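Structural features, examined
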Amino acid sequence: MKSRNFLIVLMLAFASFSFAQEAKFQLSSHILDVTKGEPAPGVKIALAKQDKAGNWMTVDEKVTDKNGRITDFLKETKGVSNEGIYKLTYFTAPYFKSLNQNSFYPFIEVVFEIKGENHFHVPITLSAYGYSTYRGN
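Residues numbered from 1 in each chain as written. Predicted model: local features only at pLDDT ≥ 70, side-chain atom pairs only at ≥ 80, totals over all residues. Heavy atoms only, no water.

Together, Glu76, Glu83, Glu113 and Glu117 give the surface a local cluster of negative charge. Relative to the elements of secondary structure, Glu76 occurs in the loop between β5 (69-75) and β6 (84-90). (Patch = residues over 30% accessible without salt bridge, like charges linked within 9 Å, V, L, I, M, F, W, Y side chains within 5 Å. Areas by Shrake-Rupley, 256 points an atom, 1.4 Å probe, with all protein chains shown as cover. Salt bridge = Lys/Arg side-chain N within 4 Å of Asp/Glu carboxyl O. Lys, Arg positive; Asp, Glu negative; His and termini not counted. Charge placed at Lys NZ, Arg CZ, Asp CG, Glu CD. Helix = DSSP H or I, 4+ residues; strand = E, 2+ residues; numbered from the N terminus.)

For the chain, mean pLDDT is 88; residues scoring 70 or higher make up 85% of the total. Taken as a whole, residues 15-19 scores under 50 in pLDDT and shows zero contacts with residues more than four places along the chain or in a different chain. (pLDDT = per-residue confidence, 0-100. Contact = heavy atoms within 4.5 Å.)

As a further point, take the pairing of strand β3 (residues 44-50). Side-chain positions along a regular strand alternate between the two faces of the sheet. Summarising the sheet, β3 and strand β4 (residues 56-63) pair through seven bridges and their orientation is antiparallel. Bridge pairing in β4 places Lys44 opposite Val63. Pairing geometry for β3 and β6, over five bridges, is antiparallel. Following the sheet pairing, Ala46 is matched in β6 by Thr89. (Pairing = 2+ DSSP bridges.)

Okay, the packing of aromatic side chains next. All told, the structure shown has five aromatic pairs when counted by the stated rule. Measuring from ring centre to ring centre gives 6.1 Å for Tyr86 and Phe112, while their planes differ by 20°; the resulting arrangement is stacked. Of the two residues, Tyr86 is situated in strand β6 and Phe112 in strand β7 (residues 108-114); the sequence distance between them amounts to 26 residues. Among the residues examined, Phe112 registers a relative accessible area of 15% and is labelled buried. Aromatic pair Tyr105 and Tyr131: ring centres 5.1 Å apart, planes at 85°, arrangement edge-to-face. In this pair, Tyr105 sits in the loop between α2 (93-98) and β7 while Tyr131 sits in strand β9 (residues 130-133), placing the two residues 26 residues apart along the sequence. Looking at Tyr105, the relative accessible area reads 28%, which means it is partly exposed. Counting every residue linked through ring pairs, the aromatic cluster contains Phe104, Tyr105 and Tyr131. (Phe/Tyr/Trp six-rings, centres within 6.5 Å; stacked < 30°, edge-to-face > 60°. Buried < 20%, exposed > 50% of the residue type's maximum accessible area, 1.4 Å probe, protein only.)

Written out as structure tokens, the structure is:
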């Protein structure tokens, strides 16, 4: 009887672990170095949110992975809205310094607004003397 109860408890624990939902995030970013035609790994990106007085409050800081991506900004939490005006700051000078390249922009700031519950992806294409951004998916 004890072994049967243990087996049932073990099965229930495994089932609840297996069906646990993964965390979802509302914002991601990606950097593509267009001069190399490759992602830009190791670039620090800071996320800030503008408060009602117009001040910027740092929300998070992360570093791009080997694919030039950060996929986990702004965790989605039931009943909590992430709506607002945000700024991503891409610290590009250290990236170009690591490549022994001069560059024009020591950092890049991209300001955007989140409305609703959709996922927002903010990629940039980057070179030492220029960049471009758009709303991706």
